[in-house]
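Structure at a glance
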Amino acid sequence: MIKLIDILKEIQIQHTKEEIRKVLSENFAQDILDNGIEKGKVLTLYHAGPNPLDRNRRTPIHLGTGEQTDDIIDMFWDDYPKFYDYKVKIKLQNPYPEILMDVDQGAAHTTEDFTKYGDYNEFIYHNNSEGYPSDPTNLSVFIKNFKRSYVDMKLQRVINTTSIK
């Protein structure tokens, strides 16, 4: 298996460090698998929900891949009139140092399912429900206090589910 880092080493001559960092941050799962979880790492993820996302949110949030957010929208299509789909950049401030493999129980998991591992702000886990569950790179991030990790976000699209049936 070819690792992303090996490919980046080969093309490093052609690209600046900023371009390489951008590729790594947008493929957060492979970066985590290749280089580990560390404080200060910046990740680009996605979030979809029925309400606009507030950057000052101090409550828990799940972020993941674009495929995972598409699955969430599909699952709850008939339950909400709108979905807000965001691209979100975070900086790991106090991450749990390992990938949690068996914590995902779909929508049934709770904050305590993560915080039982310790007083951390970010927990990276294998997503068994959305995206591609059989793929080892199908990771998501649970954040206890979003405001603490927030760097930037961009609203990608607003989906009106009542106009498309």
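It should be emphasised that the depicted structure is a prediction, and the values quoted were computed from it without experimental measurement.

Observations regarding the sheet that holds strand S5 (residues 139-143)
- In spatial order, the strands read S2-S5-S4; together these three strands make up an open sheet with antiparallel pairing. In the strand order of this sheet, the two ends are held by strand S2 (61-63) and strand S4 (122-126), each with one partner. Direction aside, neighbouring strands of the sheet carry axes that sit 25° apart on average.
- Judged from the five bridges that link them, S4 and S5 form a sheet pairing that is antiparallel. By the bridge assignment for S5, tyrosine 125 is matched with serine 140.
- Sitting on the sheet, helix H3 (residues 28-35) touches S4 and S5, and the angle it makes with S5 is about 90°.

Quick notes on helix H4 (residues 66-75)
- Turning to H4, its buried residues number three or more, namely Gln68, Thr69 and Ile73. Looking straight down H4, one finds its buried side chains confined to an arc of 140°; they lie on one side.
- Against strand S1 (42-49), strand S3 (82-91), S5 and strand S6 (150-160) lie the buried residues of H4.

Some thoughts on the sheet that holds S3
- The three strands lie next to each other as S1-S3-S6, forming an open sheet whose pairing is antiparallel. Two strands close off the open sheet at either side, each with one partner strand: S1 and S6. Averaged over all pairs of adjacent strands, the angle between strand axes in this sheet comes to 15°, irrespective of strand direction.
- Two elements, S1 and S3, share eight bridges in a ladder whose sense is antiparallel. Along S3, the bridge assignment pairs threonine 44 with lysine 89.
- Lying on the sheet, H4 is in contact with S1, S3 and S6; it crosses S1 at an angle near 10°.

What about H3?
- Summarising burial for H3: six of the eight residues are buried, a large majority.
- Here H3 has its buried residues at Phe28, Ala29, Gln30, Asp31, Ile32 and Asp34.
- One or two steps after H3, the chain reaches glycine 36, where phi turns positive at roughly 90°.

Topic: the packing of aromatic side chains
- Under the criterion given, the structure shown has ten aromatic pairs.
- Note on tyrosine 80 and phenylalanine 83: the rings are 5.8 Å apart at their centroids and 80° apart in plane angle, and the pair reads as edge-to-face.
- With a centroid separation of 4.2 Å and 5° between ring planes, the pair formed by phenylalanine 114 and phenylalanine 142 is classed as stacked. Residue phenylalanine 114 is found in helix H5 (residues 111-115), and its partner phenylalanine 142 is found in strand S5; the two are separated by 28 residues along the sequence.
- The exposure class assigned to phenylalanine 142 is buried, which follows from its relative accessible area of 2%.
- Three or more aromatic residues link up through ring pairs in this structure, and these residues are Tyr96, Phe114, Tyr117, Tyr120, Phe123, Tyr125 and Phe142.

Cut-off values and rules
Residues numbered from 1 in each chain as written. Predicted model: local features only at pLDDT ≥ 70, side-chain atom pairs only at ≥ 80, totals over all residues. Heavy atoms only, no water. Pairing = 2+ DSSP bridges. Helix = DSSP H or I, 4+ residues; strand = E, 2+ residues; numbered from the N terminus. Axes fitted to C-alpha atoms, helices over the stretch in contact; angles between N-to-C directions. Contact = heavy atoms within 4.5 Å. Buried < 20%, exposed > 50% of the residue type's maximum accessible area, 1.4 Å probe, protein only. Arc of directions from axis to C-beta. Phe/Tyr/Trp six-rings, centres within 6.5 Å; stacked < 30°, edge-to-face > 60°.

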